[in-house]
Amino acid sequence: MGYRILADLVVLAHFGFIVFVLLGGLLAFRWQWIPWLHVPALAWGGFVELTGRICPLTPLENSLRRAGGLTDYSQSFIERYVVPVVYPEELTQELQVLMGSFLIVLNILIYAYVVWRRRNRVLK
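All values derive from a computational prediction rather than experimental measurement.

1. Remarks on the overall build of the chain
Turning to step 1, where the next piece is worked out: If you tally the helices and strands in the chain, you get five helices and zero strands.
Turning to step 2, where the next piece is worked out: Each helix (α) and strand (β) of the chain, taken in turn from the N terminus, gives the series α-α-α-α-α.
Turning to step 3, where the next piece is worked out: Looking at the chain as a whole, 28% of its 124 residues qualify as buried.
Turning to step 4, where the next piece is worked out: Contacts in the chain between residues far apart in sequence, at least 24 positions, make up 77% of those at least 6 positions apart.

Structure follows, in structure tokens:
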């Protein structure tokens, strides 16, 4: 049971990291120091997506599931709703590159707006 809980926590952390990578730039509106955390996370997320690599959290989660005697997901809340977002079945290399490109473009736009907004405040 303990390994399953740890595996679920890894999935939640993985999901949280994905959300942070995707939208963490928005936090720069509130906290000016966030880019110091977000940009490296964004670089890692973009690298993983664009190169077809597997995030180290994936094998960790699988290892914990196996250690807990699990082979298939048992449809807990996390497994039913979070896991399919983190590990979509239809994920192909092309889709991964598209997602990585979207991730980078979205965050370039977010940071461009953050910089533009800050510059406009200084000029006023």
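Additional details are given in the paragraphs that follow.
2. Considerations on the confidence of the model for the chain
Turning to step 1, where the next piece is worked out: Mean pLDDT over the chain: 82, with 87% of residues reaching 70 or higher.
Turning to step 2, where the next piece is worked out: Summarising per-element confidence for the chain, the mean pLDDT is lowest in helix α4 (residues 77-86) (63) and highest in helix α2 (residues 34-51) (90).

3. What about the environment of Ile54?
Turning to step 1, where the next piece is worked out: Looking at the element boundaries, Ile54 is found in the loop between α2 and α3 (57-67).
Turning to step 2, where the next piece is worked out: Those residues in contact with Ile54 that lie beyond four places of it in its chain are Val48 and Pro59.

4. Some details on the pattern of salt bridges
Turning to step 1, where the next piece is worked out: Following the criterion strictly, the structure yields two salt bridges and no others.
Turning to step 2, where the next piece is worked out: With a shortest N-O distance of 2.9 Å, Arg65 and Asp8 are connected by a salt bridge. Taken together, the residues span a long stretch of sequence, with Arg65 in helix α3 and Asp8 in helix α1 (residues 2-23) at a distance of 57 residues. Pair check on accessibility: Arg65 and Asp8 agree, each one buried.
Turning to step 3, where the next piece is worked out: Residue Arg65 is classed as buried on the basis of its relative accessible area of 5%.
Turning to step 4, where the next piece is worked out: Among the ionic contacts, a cluster of salt bridges with common partners joins Asp8, Glu61 and Arg65.

5. Digging into the packing of aromatic side chains
Turning to step 1, where the next piece is worked out: Applying the stated criterion across every chain yields a total of four aromatic pairs.
Turning to step 2, where the next piece is worked out: Of the aromatic side chains, those joined through ring pairs into one cluster are Phe29, Tyr113 and Trp116.

6. Observations regarding the packing of α1 against α3
Turning to step 1, where the next piece is worked out: Between α1 and α3, the shortest axis-to-axis distance is 8 Å and the interhelical angle comes to 160°. Regarding the angle of α1 to α3, the classification is roughly antiparallel. Crossing handedness for the pair α1 and α3: left-handed. Residues Tyr3, Arg4, Leu6, Ala7, Asp8, Val10, Val11 and His14 of α1 lie in contact with α3, whose contacting residues are Leu57, Thr58, Leu60, Glu61, Leu64, Arg65 and Ala67.
Turning to step 2, where the next piece is worked out: Class assignment for the residues of the contact of α1 with α3 results in nine nonpolar, two polar and four charged.

Each value, and the rule that gives it
- Residues numbered from 1 in each chain as written.
- Predicted model: local features only at pLDDT ≥ 70, side-chain atom pairs only at ≥ 80, totals over all residues.
- Heavy atoms only, no water.
- Helix = DSSP H or I, 4+ residues; strand = E, 2+ residues; numbered from the N terminus.
- Buried < 20%, exposed > 50% of the residue type's maximum accessible area, 1.4 Å probe, protein only.
- Contact = heavy atoms within 4.5 Å.
- pLDDT = per-residue confidence, 0-100.
- Salt bridge = Lys/Arg side-chain N within 4 Å of Asp/Glu carboxyl O.
- Phe/Tyr/Trp six-rings, centres within 6.5 Å; stacked < 30°, edge-to-face > 60°.
- Axes fitted to C-alpha atoms, helices over the stretch in contact; angles between N-to-C directions.
- Parallel < 35°, antiparallel > 145°, perpendicular 65-115°, else oblique.
- Left-handed = near helix turned anticlockwise from the far one by under 90°.
- Nonpolar A, V, L, I, M, F, W, Y, C, P; charged D, E, K, R; others polar.

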